[in-house]
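These are the residues of each chain, in order.
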Amino acid sequence: MKTCNGIGKRFVLAMIAGFAFSTAVLAQDAIDQRHLREMTDQVVNQAGDELEEAGIFRPMAFMVMKSDKVQQMRLEEEAEQAPGNVKVLMYRAGLKAIARRGEIHAAVIAYPGSVEKNGETIRAMALEHEHRLGVSGIKLIPVRLEDGEASFGEPMSQDKPFQIFYDAKKESDE
């Protein structure tokens, strides 16, 4: 009888531990999804405003601070004159430095681009995103500007190696 009780207690403890672990994983998933959604909303709103005002949008970056507040990253005034591809590199370097000091939870960099689909070139917003909880990807979001009004299509997503929060694994490390 003691053996049965021992097995039963271990089973119950294992079930509780498993439930606690899966709850923690789901909570982390919910947190990183919320952070990424909040940053994406900020980017889309700002890019939409710039598109409607000037017909284009500039590269931009946002981060989720330790306080859970979404904040836009600003470049120095001299850096604002740099070409877009250089700005993206500056944003990556700046976000990496901030992330490695543990000051942010998530980061996103957005810049204009294009994608080929069915032989047609489509304007798009490239949105690179990372979260310290282990999410790293890129979304290509189709962009339209019709009659001065910006609209965004369904994102096409794919994973990408970490560049901001963690170093990408080298093949020799795997």
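All values reported here derive from a predicted model rather than from experimental measurement.

Details of unusual backbone geometry
Link 1 in the chain: One non-glycine residue, Asn118, lies in the positive phi region at around 55°.
Link 2 in the chain: Here Asn118 shows up in the loop between strand S3 (104–117) and strand S4 (120–131).
Link 3 in the chain: We classify Asn118 as exposed; its relative accessible area is 78%.
Link 4 in the chain: A positive phi is found at Asp147, a non-glycine position, where the angle reads about 55°.
Link 5 in the chain: Tracing the chain through its elements places Asp147 in the loop between strand S5 (135–146) and strand S6 (149–152).

As for helix H2 (residues 84–100)
Two residues of an α-helix separated by three or four positions point the same way, owing to the 3.6 residues in each turn.
Link 1 in the chain: Taking 1.5 Å of rise per residue, 17 residues should cover 24 Å, and H2 covers 24 Å from first to last C-alpha, within 8% of that figure.
Link 2 in the chain: Among the residues of H2, Lys87, Val88, Tyr91, Arg92, Gly94, Leu95, Ile98 and Ala99 are the ones counted as buried.
Link 3 in the chain: Looking at the packing, one finds that the buried side of H2 touches strand S1 (60–65), strand S2 (70–73), S3 and S4.
Link 4 in the chain: The first or second residue beyond H2 is Gly102, which carries a positive phi of 75°.

Considerations on the pattern of salt bridges
Side chains carrying opposite charge are able to pair once their charged atoms draw close together.
Link 1 in the chain: Counted according to the given criterion, the structure contains eight salt bridges.
Link 2 in the chain: Glu38 serves as the salt-bridge partner of Arg34, at 3.5 Å between the closest nitrogen and oxygen. On the criterion of helical spacing, the pair formed by Arg34 and Glu38 is a turn pair, its members being four residues apart in helix H1 (residues 2–54).
Link 3 in the chain: Take Arg34: its relative accessible area is 28%, and that puts it in the partly exposed class.
Link 4 in the chain: Using a relative accessible area of 27% as the deciding quantity, one classes Glu38 as partly exposed.
Link 5 in the chain: For Arg101, the salt bridge identified is with Glu103, shortest N-O distance 2.9 Å.

Thresholds, definitions, all that
- Residues numbered from 1 in each chain as written.
- Predicted model: local features only at pLDDT ≥ 70, side-chain atom pairs only at ≥ 80, totals over all residues.
- Heavy atoms only, no water.
- Helix = DSSP H or I, 4+ residues; strand = E, 2+ residues; numbered from the N terminus.
- Buried < 20%, exposed > 50% of the residue type's maximum accessible area, 1.4 Å probe, protein only.
- Expected span 1.5 Å × (residues − 1).
- Contact = heavy atoms within 4.5 Å.
- Salt bridge = Lys/Arg side-chain N within 4 Å of Asp/Glu carboxyl O.

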